[in-house]
Amino acid sequence: MTIDITLLGTGSPIPDPNRAGPATLISAGDDHVLVDAGRGVMMRLSAAGVGPLQLSAVLLTHLHSDHITDLNDLITTRWVMSMEPVEEPLRIVGPVGTKAAVDHLLDFLAPDISYRIAHHDDITVPPLVEVTEIAEGPVEVGTAMTITAGPTDHKPVEPSVGYRFDADGAAVVVAGDTVPCDGLDALCSGADALVHTVIRKDVIANIPIPRMQDTLDYHSSPEEAAQTAARSDLDVLVLTHYVPAFPSGGGDDWRELAAQHFAGRIELGDDLHRVTVP
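Residues numbered from 1 in each chain as written. Predicted model: local features only at pLDDT ≥ 70, side-chain atom pairs only at ≥ 80, totals over all residues. Heavy atoms only, no water.

Caption draft 1: Expanded view of helix 4 (residues 98-108). Residues of helix 4 that are buried: T98, V102, L105 and L106. Mapping the buried residues of helix 4 onto a view down its axis gives an arc of 95 degrees, with all of them on the same face. Along helix 4, exposed side chains directed more than 90 degrees from the buried face belong to H104, D107 and F108. (Buried < 20%, exposed > 50% of the residue type's maximum accessible area, 1.4 Å probe, protein only. Helix = DSSP H or I, 4+ residues; strand = E, 2+ residues; numbered from the N terminus. Arc of directions from axis to C-beta.)

Quick look at the structure:
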């Protein structure tokens, strides 16, 4: 079986008219799992041909706003746009703190929820969600894929996790934001591909803005992501979350930086770029 990786959103907290916020879709057979739910995720899911009811689960790598900002839209759209009552809850998995974050989102949505229940006779209950907090180990969300979580290092954002997806001999790791670390190396061992968020540290280091400088110590550069992929002898490295973002259709210089440390296939691109593994 193959695993499809779709870069739904390749952007960052910096608003970009061409890039949605961080979100990656992992698909194998009838399973579709969303990793992170950044700005515009519902629009990109629609463009990818996957509806919210087709999602087996939403997995969150960490609770930075750019990775979860449209989770509320996903919860609402799944609830309201289904033409029949939804009996299965939306499964949401993430690090410790995820349940509190989702509870706050539902509180934020409370007025809208009450309006829709009052107006629509066939909507009688609030959105159904099931939240599981995890640090590492198996992730049980009813998929044929085997999913495993492992710790990453995005301090002071703590905890943060990455996920590994195994399906009939194919294996993909989605890292989220992290510096190189043992937890990510363990997830990558024996895998085929790594999806890794990256920033251009060489560029940002020359931007005299403290808030930009602060990003340098808890993200990976293309070179560092490539070194992580090389340590586990992976076949494919997929880069995403570009800061500062390159123009649509560009990115050759990012690929060249990674290629100095990784001899395998390097993929990057615009939103909706798709990679099939193996």
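What follows picks up the thread again.
Caption draft 2: Local environment of the sheet that holds strand 4 (residues 57-59). Here seven strands make up an open sheet; going across it, the order is 6-5-4-3-2-1-14 and the pairing mixed. Edge strands, defined here as strands with exactly one partner in the open sheet, are strand 6 (129-133) and strand 14 (273-277). Each neighbouring strand pair of the sheet contributes to a mean axis angle of 20 degrees, computed without reference to strand direction. Of the strand pairs in this sheet, strand 3 (residues 31-35) and strand 4 are connected by three bridges, and their pairing is parallel. Its bridge partner being in strand 4, V33 is matched across the sheet by A57. The sheet contacts of helix 3 (residues 71-80) involve strand 3, strand 4, strand 5 (90-94) and strand 6, and relative to strand 5 the element is tilted by about 160 degrees. Across the sheet, helix 4 is in contact with strand 5 and strand 6; its angle to strand 6 comes to roughly 155 degrees. (Pairing = 2+ DSSP bridges. Axes fitted to C-alpha atoms, helices over the stretch in contact; angles between N-to-C directions. Contact = heavy atoms within 4.5 Å.)

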